[in-house]
Protein chains: 2
Amino acid sequence: MGDAGTATSSKSERAYNSVKARIADGTYSPGFRLVLAKIAEELGISVVPVREAIRRLEAEGLVTFERNVGATVAGIDPIEYLYTMQTLSIVEGAATALSSPLIGPADIARARAVNEEMRECLQHFDPPRFTLLNKDFHSVLFENCPNPHILNLVHRGWGRLASMRSSTFRFVPGRAHESVEEHEALLQLIESGADAADIERAARLHRSATLDAYLAQTGAHPS
Amino acid sequence: MGDAGTATSSKSERAYNSVKARIADGTYSPGFRLVLAKIAEELGISVVPVREAIRRLEAEGLVTFERNVGATVAGIDPIEYLYTMQTLSIVEGAATALSSPLIGPADIARARAVNEEMRECLQHFDPPRFTLLNKDFHSVLFENCPNPHILNLVHRGWGRLASMRSSTFRFVPGRAHESVEEHEALLQLIESGADAADIERAARLHRSATLDAYLAQTGAHPS
DNA sequence: GTATACAAGATTGTATACGAAGAGTACGGG
DNA sequence: CCCGTACTCTTCGTATACAATCTTGTATAC
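Anyway, here's the lowdown on the structure attached to this text.

Conventions used here
Residues numbered from 1 in each chain as written. Chains lettered and ligands numbered in written order. Predicted model: local features only at pLDDT ≥ 70, side-chain atom pairs only at ≥ 80, totals over all residues. Helix = DSSP H or I, 4+ residues; strand = E, 2+ residues; numbered from the N terminus. Rg over C-alpha atoms; globule rule 2.2 N^0.38 Å. Buried ≥ 20, exposed ≤ 12 C-beta atoms within 10 Å, placed from the backbone. Contact = placed C-beta atoms within 7 Å. Pairing = 2+ DSSP bridges. Axes fitted to C-alpha atoms, helices over the stretch in contact; angles between N-to-C directions. Parallel < 35°, antiparallel > 145°, perpendicular 65-115°, else oblique. Nonpolar A, V, L, I, M, F, W, Y, C, P; charged D, E, K, R; others polar. Least-squares fit on C-alpha atoms with pLDDT ≥ 70 in both. Near = placed C-beta within 6 Å. Left-handed = near helix turned anticlockwise from the far one by under 90°. Core = buried A, V, L, I, M, F, W, Y, C linked by C-beta atoms within 7 Å.

Turning our attention to the overall build of chain A. Across its full length, chain A holds 9 helices and 3 strands. For chain A, the succession of helices and strands along the chain, N to C, is α-β-α-α-β-β-α-α-α-α-α-α. A compact globule built from 223 residues would reach a C-alpha radius of gyration of about 17 Å, and chain A, at 19 Å, matches this within 12%. Considering only C-alpha atoms, chain A reaches an extent of 55 × 40 × 30 Å along its principal axes. Buried residues in chain A amount to 39% of all 223 residues. Within chain A, contacts between residues separated by at least 24 positions form 72% of all contacts whose residues are at least 6 apart in sequence.

Our focus in this paragraph is the sheet that holds strand β1 (residues 33-34) of chain A. All names here are of chain A. Read from one edge to the other, the open sheet built from 3 strands follows the order β1-β3-β2, with strand pairing classed as antiparallel. A strand with exactly one partner marks an edge of an open sheet, and here the two such strands are β1 and β2 (63-66). As defined by bridge partners, β2 adjoins strand β3 (residues 70-73) across 4 bridges and the pair is classed as antiparallel. Residue pairing in the sheet places threonine 64 in a bridge with threonine 72 of β3.

Residues and elements named next belong to chain A. At their nearest, the axes of helix α4 (residues 78-99) and helix α6 (residues 127-142) sit 7 Å apart, and the two run at 55° to each other. By the criterion of interaxial angle, the relationship of α4 to α6 is oblique. Along its contact with α4, which presents Glu92, Ala95, Thr96 and Ser99, the element α6 presents His138, Leu141 and Phe142. Split into classes, the residues belonging to the contact of α4 with α6 amount to 3 nonpolar, 3 polar and 1 charged.

In this section: the relation of the copies chain B and chain A. The two chain copies are connected by a rotation around an axis plus a translation along it. The two copies are related by a screw operation: chain B maps onto chain A through 180° of rotation and 0.0 Å of translation along the axis, at an RMSD of 0.1 Å. Put plainly, the chains are arranged around a two-fold axis. Mapped onto chain A, 100% of the interface residues of chain B are again interface residues, and the two copies thus contact each other with one and the same surface.

Turning our eyes to something else, we now look at the protein's contact with DNA strand C. In the vicinity of DNA strand C lie 17 residues, with Leu36 and Gly70 of chain A together with Lys11, Ile45 and Ser46 of chain B positioned nearest. Elements with a minimum of two residues in the surface near DNA strand C: α2 (36-43) of chain A together with α1 (11-24) and α3 (47-59) of chain B. The biggest single contributor to the surface near DNA strand C is α3 of chain B, with 3 residues. Broken down by class, the residue content of the surface near DNA strand C amounts to 9 nonpolar, 6 polar and 2 charged.

At the junction of the two partners, chain B supplies 17 residues and chain A supplies 17 residues. Mapped by element, the contributors of at least two residues to the side of chain B that touches chain A are α3, α4 (78-99) and α7 (148-163) of chain B. Here the element with the most residues in the side of chain B that touches chain A is α4 of chain B; it accounts for 7 residues. Partitioned by chemical class, the residues of the side of chain B that touches chain A number 8 nonpolar, 6 polar and 3 charged.

Packed helices, taken two at a time, are described by their axes: the angle between them and the distance between them. All names here are of chain B. In contact at an axis separation of 9 Å, helix α5 (residues 105-121) and helix α6 (residues 127-142) are set at 165° when each is read in the N-to-C sense. As summarised for this structure, α5 and α6 are arranged roughly antiparallel, according to the angle between their axes. For the element pair α5 and α6, the recorded crossing hand is left-handed. Only Arg129, Phe130, Leu133, Asn134, Asp136, Phe137, Val140 and Leu141 of α6 make contact with α5, whose side of the interface consists of Asp107, Arg110, Ala111, Val114, Asn115, Glu117, Met118 and Cys121. Considered class by class, the residues forming the contact of α5 with α6 number 9 nonpolar, 2 polar and 5 charged.

As a further point, take the nonpolar core. Formed by 104 residues in total, the largest nonpolar core has its most connected members in Val91, Ala95 and Ile150 of chain A together with Val91, Ala95 and Ile150 of chain B. With sequence-adjacent residues up to four places away left out, isoleucine 150 of chain B is seen in contact with Thr87 and Ile90 of chain A together with Val91, Ala94, Ala95, Leu98 and Cys145 of chain B.

Around DNA strand D, a shell composed of 17 residues is seen, among which Lys11, Ser46 and Asn68 of chain A together with Leu36 and Gly70 of chain B lie nearest. Secondary structure elements with two or more residues in the surface near DNA strand D: α1 (11-24) and α3 (47-59) of chain A together with α2 (36-43) of chain B. Tallying contributions element by element places α3 of chain A first for the surface near DNA strand D, with 3 residues. The residue makeup of the surface near DNA strand D, split by class, is 9 nonpolar, 6 polar and 2 charged.

In this section: unusual backbone geometry. Most peptide bonds are trans, and most residues other than glycine sit at a negative phi. One non-glycine residue, asparagine 68 of chain A, adopts positive backbone phi at about 65°. Here asparagine 68 of chain A lies in the loop between β2 and β3.

Next up, the structure:
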């Protein structure tokens, strides 16, 4: 998708994807000032679709907007990270529980394969790749969620995490090991046809544990 | 709020509030076609801010949008109702649990007073009023939630329910009685300083029970 | 030297205008 | 009488233009 998926024939959509991609890949780093006219010129379009795209990103929390001033890329504010992770722990836990009855052996196998890659990845410690695999793993588990609203919230949460490229595992290496183990436990729980409530609790705890590890780390190592 | 709260000095905001209010009060009923130029003329502004307002409402799920066709007010699609209620049960449960430690005796008293009004309201059966009080009651319980993301999701859920004016209690009168009793139980649980997990479970169950009652009713009385 | 007032520049907010896509309708052919 | 096609009409999508607002730099008074 080299040019940021631009086949919608809607300039607004193109602008949205383009800006979002640039935030994700770090071209627009946190605090960067997004000027409508500038982006419009770069994309060769008018400011109107750009403005619409920015507002969408604002609604998703990827940028902050101030009236008559403009938009800036949202940062890695630790408190925002906490909010996002806590929210994600709740909605992802629910999504995983809701989709668990729809997860078949093929899905389990796929997730397990990804987790093995992660385990392997532990050796040469590559946080970005690990984070990517981590998302792949969880995607398998929650993507079957039959409630599109909840699924949408999960996607938003992950989107925000991707934009604030903290990657947690970069800061708390020890957490990566635990994470892989918890993944396997979660898979076994789902395989055994456990109660939805148990799966939800496990999935939520798995994420809060990552958050707690981050908080403990930043508490000990204040920037 | 006679003219739909219009002091923001932003026409986009005014349009948003205005259209949202008209959806809530039924002026724009489900399926109603929202034509940009028409609304713009009615409000005495240009189509640009109106368009922005409509897109915001679309993001919140109050209207559905189709490219090159336009927006229509979202309906009471039972399946959408299910999705919304299920999502709300999860996020409201979490919000209530998170805010429970911050709920003081004054809040409890206020909530209890509202619940008494509801109990009284049972006599002369006034669904719209009952629904309004119901929201007031729960607002006291979740409004202290320290995580603004979660709180925002709760507000969105309630906003959608308000737009699809189904009011449940209109359809399932029996549920109203149970609801009042569960409210009292929930208050006692919070008063007793119960575990957050227990409060969350109770709050979630309270809402799913309403949903289930609705589903049972529509299952028995298919329209 | 510092603080304040003012002006110039930059950027957003809104209006108007035009082009594009879809829905409905009338006409002609089968 | 039914179906397909072309046309018109409505409405959205985007561009351009202008007004409103904020920020910033500078000059002046104290």
